[in-house]
Amino acid sequence: MIVITTPTGDVGRQVLDRVLDSKEAVRVIVRDPSRLPGHVHANAEVVQGSHADPDTITKALDGADRMFWLVPPAGFHDAGSARRHYLEFTRAAAQAAASRGVRVVGVTSLGRGYEGEAGLLSGALAMDELIEGTGAPYRALALPFFMENLLRQVRPMGEQGTFSLANTADRPLPTIATRDAAAAAAALLLDTSWSGQARVPLTGPDDLTPDAMAEVISDTVGRTVRYQQVPLADFQARMVQHGASPALAQDMADMVKAQNDGIYDAEPRDAGSATATSFRQWCQDTLKPAFTS
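Residues numbered from 1 in each chain as written. Predicted model: local features only at pLDDT ≥ 70, side-chain atom pairs only at ≥ 80, totals over all residues. Heavy atoms only, no water.

**What about the side chain of T277?**
Next, step 1: Tracing the backbone shows T277 in the loop between α10 (246–260) and α11 (279–292).
Next, step 2: A polar atom in the side chain of T277 sits 3.1 Å from the side chain of R179. (Helix = DSSP H or I, 4+ residues; strand = E, 2+ residues; numbered from the N terminus. Polar contact = N/O pair within 3.5 Å; in protein donor to acceptor, adjacent residues only side chain to side chain.)

Shown next as C-alpha cells:
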C-alpha cells in the first residue's frame, strides 16, 4: 500500500497519477475529497483530513509500507516560522512511519551543508533531520527552484514584457520541472529494493541566470521579455503590504538571500543529479501555452 500526501498539489497529483498507472494499491490523504478527480476516487482509498494530524496519519498508514511526503506551505498569514511549520507538520508522520517501518519518499530543499539562515529552505532541511532522527527509511528528494514558480509571472510577462524576482540577475539559479520531481518520487515509491536513508539531489540539465532565462522565454514566446531584479528589502516589504505575516516575509527573504549566496551549490551533485527537462523545453511545453491562453 502506497500513501500519497498532497494529492491535489502541483507535485503530489503528478506522483499520484504515475503510481496509479502502476496498479499498486494506493491511499491518499486529502482535506477536501471533492477536489479529487473521478479516476482517483475509483482507483484509490481516500482518507479525509490533514496529514499533520496524528489520528489521520495513523489511519492512513495502517497496513501501508510506502509514503510520499510533502509539507504544504504555511498560510499566508501564519505568524510562526517556517522551521516550526515544517517540524510541527512532520513530527507525527515521522514517528508513525518509523514505528511501522514505512519507507518515506519526501520532497525537500537542495542545500544541506549551507551555513546560514535560509528561511523556508532551513525549515525543509530541519524536517529531514527530524525524519532521519526517527530511523525511518527515507529518500529525500533535494530540489532547487521550481520552474513552475514562473507561471505566476505570466501576466506581467504579457502586459509589461518583464518578470521579476529578488534573485541576482547574473547568478545561475538551478531549477527543476515538477514533472521530473514527480517522476523521481514515483520511481522510488515503486522500487522495493532500497532501504536506509539517503539524499537524492536533483536539478534540471541547465543552470541559467535569471537574465539567461529571460532570453530563453523571449525566444520561446516570440516577444521580448526582460528580467527585473527587485531589491531584497523591497521584496520583503511588498509581501507585508500584500498581507503576508512578518514571519513569512522574513522567511521568504532569508530564502532568496540564501539562494543568492549559493545555497544550492552547498550540496554535492553529480551527473546522475540532472533531470530530463531543460528550461527551454519546459518553456515550450508549459509556459508558452499558459502565456497564450
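Next, the rest of the story.
**Observations regarding the packing of helix α8 (residues 210–221) against α11**
Next, step 1: α11 packs onto α8 with a crossing angle of 55 degrees between their chain directions and a minimal axis gap of 9 Å. For the element pair α8 / α11, the angle class is oblique. Note on packing geometry: the crossing formed by α8 with α11 is right-handed. In contact with M213, V216, I217, D219, T220 and V221 of α8, α11 contributes F279, R280, C283, Q284, L287, K288 and F291. (Axes fitted to C-alpha atoms, helices over the stretch in contact; angles between N-to-C directions. Parallel < 35°, antiparallel > 145°, perpendicular 65-115°, else oblique. Left-handed = near helix turned anticlockwise from the far one by under 90°. Contact = heavy atoms within 4.5 Å.)

**Side note on helix α3 (residues 54–61)**
Next, step 1: For α3, every residue scored as buried is listed here: T56, I57, A60 and L61. Along the axis of α3, the buried residues cluster in a sector spanning 120 degrees; they form a single face. Looking at α3, the residues exposed on the side facing more than 90 degrees away from the buried face are D55 and K59.
Next, step 2: Positioned one or two residues after α3, G63 has a phi angle of 80 degrees, which is positive. (Buried < 20%, exposed > 50% of the residue type's maximum accessible area, 1.4 Å probe, protein only. Arc of directions from axis to C-beta.)

**Comments concerning the nonpolar core**
Next, step 1: Ranked by internal contacts, the top residues of the largest apolar core, which has 40 residues, are L150, M157, F163, I217, F279 and W282.
Next, step 2: Of all elements in the fold, only α6 (154–160), β8 (162–165), α8, α9 (232–241), α10 and α11 reach the threshold of two or more residues within this core.
Next, step 3: Here the element with the most residues in this core is α10; it accounts for 6 residues.
Next, step 4: Judged by nonpolar contacts, the second largest core, of 29 residues, contains I4, F68, L70 and A184. (Core = buried A, V, L, I, M, F, W, Y, C linked by side-chain atoms within 4.5 Å.)

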